[in-house]
Amino acid sequence: MKILDKRADLGHGDVKKLLFSLSVPTITSQIVNMLYNLVDRVFIGHMQPAETVGKLALTGVGVCLPIIMVISAFASLMAIGGAPRASIAEGAGESEKSERIMGNCLTMLVITALVLTVLFESFAEPLLLMFGASENTIGYALDYMRIYALGTIFVQLTLGMNAYITAQGFATVSMKTVLIGALLNTALDPLFIFVLGLGVRGAALATVISQAVSAVWVMTFLTGKKTRWYLKRENLHVDAKIVLPCIALGLSPFVMQSTESLIAICFNSSLLRYGGDMAVGTMTVLTSIMQFSNMPLQGLTQGAQPIVSYNFGAKNAQRVRDAYFCLLRACFTYSMAIWLLVELFPRAFILIFNNDPALVEYAAWAVRIYMGCSGIFGIQIACQQTFVALGNAKTSLFLAVWRKIIPAHSAHLYSAALFRGQGVRGVPGRARGGLRRGGADELHILSPVPPLNARAGRCGSDWGAVKKIFNAKIKGEGKPLSFYFLRLAAAFHRLFLAEQHRDAPDAGKADERV
C-alpha cells in the first residue's frame, strides 16, 4: 500500500487505507522523535567506565526528564489544542479560520518558549535537586539542562507547528521534519560526546542543533507553496476568542505530559531517599521503555486526528465513526502486543539503555510491574484522543485528570506507605510504590464510553455500538473480554511477585534490616 506523499483527501476514500497511510508516517515520526532523548541516553549510558561515569551520567540526564516533559507539554498545549480546531474549520469550509488559528498558536508558542527559557536557565539547579538529583549526579544534570534549555524555542516550533502540517494531511512531510532532526542528532551525539570529549554537554548540544534544523524545515514548509494553510503576518496578532478555545482543548494533552513530570518528581524523590542512585537510574530506564512503547499509540491517534476532525466539521458522521473504530482496534492490538513482549523479555528492553549487570537485574523485575496493565492502555488513548479530535475539551480533560492525577499519584503514595516496613525491598521497600503505577493507570479504562456515545450523538449518528467494543461477550459465558484480561494480568502479577520475593536485590537480607 502506497504511503501518502501528497496531501491526503480526508473526506473521501476507504477509511482504513487512509488511516494506514496517515498513521505510518506519524508512527515513524513518534518513534524517531523519541530518539532525540533516547539516543542521548543510550550514548551517555555507555560512557566509560559504565559502572561509574556512565551510570551516574545516565541518572543525571534522567533527572532532567521532568523539565523536558514540561517543555514538550507546553508545545502540545498549542499544537494539539489548535490543530484539531483548524481541521474542523477546514472541514466546514473555513480555511481562513484555520490560518488564523495556526498564526495565533505560533505567537503563543514563541511567547511560551521565551518564558520557559528564562525560567529554566535561572532556576535549573534548585529544580533539578527537587526532581531527585543527588550530589553525585547534579553536575551531569546541570551540564545537560543549561544547554538544552537554550533550545526551547526550537522544541516549541518543531513540535508545535509540525502538528499543523499533519492536520492538513501532509503526514509524510511531518515525518520528514522529525526524521531530519533525529538522524542529525544520532550522527552528532558520538562526535560531540566521545570524539570531542564534551560528555553530557555534547549530547545536549547535538539535540539543540538537531531541533533547530527541524524548526527551520517546518517554518519553510508553512511559508512555502505546497501548504494549504499559510502563515500570514496579520494572523500573528493574538485573539482571545481564538486562543482560549485552543488552550481549553490542549489542556488534556498538557495535563497528560506535565503530570508525567509531576509523577516523575515524586518517584525520583522517593527512590533517591529509599533506594539511592541505583533506584533513580532504574526509574530512568523504566520511563524510557514506557515512552518508547507508547510512541506508536500516539502516532496512531495523530494519524486519525485529521480524519476525525475534518469529517466532524463536514458533518460526515459515518466516516467519523469508521475512523474511531479503526483507531480503537489498532491501538488495542498494539498495546497488547507490546505488553506481552515486555513481560516475557524484560532484559532485552533494559539492555538498550544500560549494560551494567547490577542495574539490569535490578530493573528486570521492576519493569514487569511498571508495565503490568499497559495492555489495555490502547483503549484509553483511542477514546481520549478521539474526544480531542472532536473538539470536546471538557471530557478529554476529565479523562486526563482521572488517569494521571487521581489514581496514579494516589497509588504512589499508598504503596509507599504499604511497603513502609519492608526495608530495602520496595525499590527497595517503600520506593517500590513508584513502580506499581502501571496498575493504577488502567483503573479508569472503561469510563470514556458513555460520554463518547453522547458526543457522537451530536453528530447525528447512532453510536451505541461503541459499547460493544468494551463489552464484547465471550460465547457461552456472557462475561466481557476485559474480565478475562484482568484475570490474566492478576495471574501474571502473582507469578512476578513470587519471583521478586525470591530474586529481588538483597531479598535474603530484607527481614534482618526491618
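Here the structure is shown first, and the text comes after it.
Residues numbered from 1 in each chain as written. Predicted model: local features only at pLDDT ≥ 70, side-chain atom pairs only at ≥ 80, totals over all residues. Heavy atoms only, no water.

Trainee: Just to check I follow, could you spell out the overall build of the protein chain for this structure?
Mentor: Secondary structure summary: the protein chain contains 22 helices and zero strands in total. For the protein chain, the proportion of its 514 residues judged to be buried stands at 59%. Counting only contacts in the protein chain whose residues sit at least 6 apart along the sequence, the fraction spanning at least 24 positions is 80%. Accessible surface computed for the protein chain: about 20300 Å², of which carbon and sulfur atoms make up 64%. (Helix = DSSP H or I, 4+ residues; strand = E, 2+ residues; numbered from the N terminus. Buried < 20%, exposed > 50% of the residue type's maximum accessible area, 1.4 Å probe, protein only. Contact = heavy atoms within 4.5 Å. Areas by Shrake-Rupley, 256 points an atom, 1.4 Å probe, with all protein chains shown as cover.)

Trainee: Is there a simple way to explain unusual backbone geometry in this structure?
Mentor: Positive phi values are uncommon outside glycine, yet Lys315 reaches one of about 60°. If you trace the backbone, Lys315 turns up in the loop between α10 (240-313) and α11 (317-344).

Trainee: Sorry if this is basic, but what is going on with the packing of helix α3 (residues 65-91) against helix α7 (residues 152-167) here?
Mentor: One can describe the packing of α3 onto α7 by two numbers: an axis separation of 8 Å at closest approach and a directional angle of 20°. In terms of orientation, α3 and α7 fall into the roughly parallel class. Between α3 and α7 lies a crossing whose hand is right-handed. Between α3 and α7, the residues in contact are Ile71, Ser72, Phe74, Ala75, Met78, Ala79, Gly82, Ala83, Ala86 and Ser87 and Thr152, Val155, Gln156, Leu159, Gly160, Ala163, Tyr164 and Ala167, respectively. Residue composition of the contact of α3 with α7, by class: twelve nonpolar, six polar and no charged. (Axes fitted to C-alpha atoms, helices over the stretch in contact; angles between N-to-C directions. Parallel < 35°, antiparallel > 145°, perpendicular 65-115°, else oblique. Left-handed = near helix turned anticlockwise from the far one by under 90°. Nonpolar A, V, L, I, M, F, W, Y, C, P; charged D, E, K, R; others polar.)

Trainee: What am I meant to see in the pattern of salt bridges here?
Mentor: As a working rule, side chains carrying opposite charge can pair if their charged atoms are close by. Summed over the entire model, instances satisfying the criterion amount to two salt bridges. For the salt bridge of Glu99 with Lys232, the shortest nitrogen-to-oxygen distance reads 3.1 Å. With Glu99 in helix α4 (residues 95-122) and Lys232 in the loop between α9 (199-222) and α10, the pair connects residues that are 133 residues apart, well separated along the chain. Overall, the relative accessible area of 8% leaves Glu99 in the buried class. (Salt bridge = Lys/Arg side-chain N within 4 Å of Asp/Glu carboxyl O.)

Trainee: Explain the nonpolar core to me, please; I cannot follow it from the model alone.
Mentor: Side chains of nonpolar character tend, in soluble globular proteins, to be buried together. If you look at the biggest cluster of nonpolar residues, it comprises 32 residues, and the most contacted ones within it are Ile44, Ile67, Phe120, Leu128 and Tyr144. For this core, the secondary-structure elements that each account for two or more residues are α2 (50-63), α3, α4, α5 (124-130), α6 (138-150) and α9. No other element matches α6, which puts seven residues into this core. (Core = buried A, V, L, I, M, F, W, Y, C linked by side-chain atoms within 4.5 Å.)

Trainee: Explain the side chain of Gln305 here, please?
Mentor: In this fold, Gln305 is placed in helix α10. On the accessibility criterion, Gln305 (11% relative accessible area) is buried. Apart from residues no more than four positions distant in its own chain, Gln305 is found in contact with Ala83, Pro84, Ser87, Ala167 and Ala389.

Trainee: What is the right way to look at helix α14 (residues 377-389) in this model?
Mentor: Given 3.6 residues to a turn, an α-helix orients residues that are three or four positions apart in the same direction. Taking 1.5 Å per residue, 13 residues should reach 18 Å; α14 reaches 18 Å between its end C-alpha atoms and fits that length. For α14, a buried count of 13 out of 13 residues is recorded, marking the element as mostly surrounded by other parts of the structure. Backbone geometry just downstream of α14 places Gly391 in the positive-phi region, at approximately 80°. (Expected span 1.5 Å × (residues − 1).)

Trainee: What exactly am I supposed to notice about the packing of aromatic side chains here?
Mentor: The way to describe two aromatic rings as a pair is by their centre distance and the angle between their planes. All told, the structure shown has five aromatic pairs when counted by the stated rule. With centroids separated by 4.9 Å and ring planes inclined at 70°, the aromatic side chains of Phe74 and Phe254 adopt a geometry described as edge-to-face. In this pair, Phe74 is assigned in helix α3 and Phe254 in helix α10, connecting sequence segments 180 residues apart. Among the residues examined, Phe254 registers a relative accessible area of 17% and is labelled buried. (Phe/Tyr/Trp six-rings, centres within 6.5 Å; stacked < 30°, edge-to-face > 60°.)

Trainee: Looking at this structure, how should I read the side chain of Ser72?
Mentor: Mapped onto the elements, Ser72 comes out in helix α3. With a relative accessible area of 15%, Ser72 lands in the buried category. If we skip the residues at most four places from it in the chain, Ser72 touches Leu159 and Gln257.

Trainee: Sorry, what's going on with a nonpolar patch on the surface here?
Mentor: A cluster of nonpolar side chains, namely Ile180, Leu191, Phe194, Val195, Leu196, Leu198, Leu205, Ile209, Val213 and Trp217, defines an oily patch on the protein surface of about 780 Å² accessible area. Elements with a minimum of two residues in the nonpolar patch: α8 (171-195) and α9. For Val195, the location among the structural elements is in helix α8. Assessed through its relative accessible area of 63%, Val195 is described here as exposed. (Patch = residues over 30% accessible without salt bridge, like charges linked within 9 Å, V, L, I, M, F, W, Y side chains within 5 Å.)

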